[in-house]
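Summary of structural features
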Amino acid sequence: MNKDVRLIQPRNFEITEFIEDYTRLIKTDEVPPSDDFLQGMVADAAAQAMDGQFIIWVDDNTIDDEPKEFIFNLLEDTVIYMGVD
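Read on for an overview of the structure. (Residues numbered from 1 in each chain as written. Predicted model: local features only at pLDDT ≥ 70, side-chain atom pairs only at ≥ 80, totals over all residues. Heavy atoms only, no water.)

Here's the deal with the sheet that holds strand β4 (residues 78-84)
Think of a sheet as strands paired side by side through backbone hydrogen bonds, with each pair either parallel or antiparallel. The condition that has to hold: DSSP bridges decide pairing: two strands pair if at least two such bridges lie between them. Going along the chain from the N terminus, every DSSP run of H or I of four or more residues is numbered as a helix, and every run of E of two or more is numbered as a strand. Contacts are assigned to residue pairs with any non-hydrogen atoms lying within 4.5 Å of each other. A fitted line through C-alpha atoms represents every axis, and for helices the fit uses only the stretch in contact; the resulting angles, taken between N-to-C directions, go from 0 to 180 degrees.
Sheet architecture is open: four strands sit in the order β1-β4-β3-β2, paired in mixed fashion. What marks the edges here is a single partner per strand, and that holds for β1 (13-14) and β2 (52-58). Its contacts with the sheet put helix α1 (residues 16-25) on β1, β2, β3 (68-75) and β4, and the angle it makes with β3 is roughly 170°. Sitting on the sheet, helix α2 (residues 35-47) is in contact with β1, β2, β3 and β4, with an inclination near 125° to β2.

Some remarks on the environment of F70
With respect to the helices and strands, the residue F70 is situated in strand β3. Along the chain, F70 and V84 lie 14 residues apart, while their C-alpha atoms are 4.5 Å from each other. Residues within four places of F70 in sequence aside, it is in contact with F18, D21, Y22, L25, I26, F54, I55, I56, V58, Y81, G83 and V84.

In structure tokens, the structure reads:
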């Protein structure tokens, strides 16, 4: 577990496109999650990852009923969203 991920500054979360993709692809009952909630979800996933790539997998409540893998890179002090598969 990467315990230092909680020390990553919010400006080092390059996840704007993730927020857009998530709200576009996941059913949210007409109330989209806040940016802070999604950043927290990414931080929790990153905390369990080692340096390198990690994935947030969503298999229910997707717009097209197909599972989604949101892919990120964790580089020392930065989380970068790579895209969705």
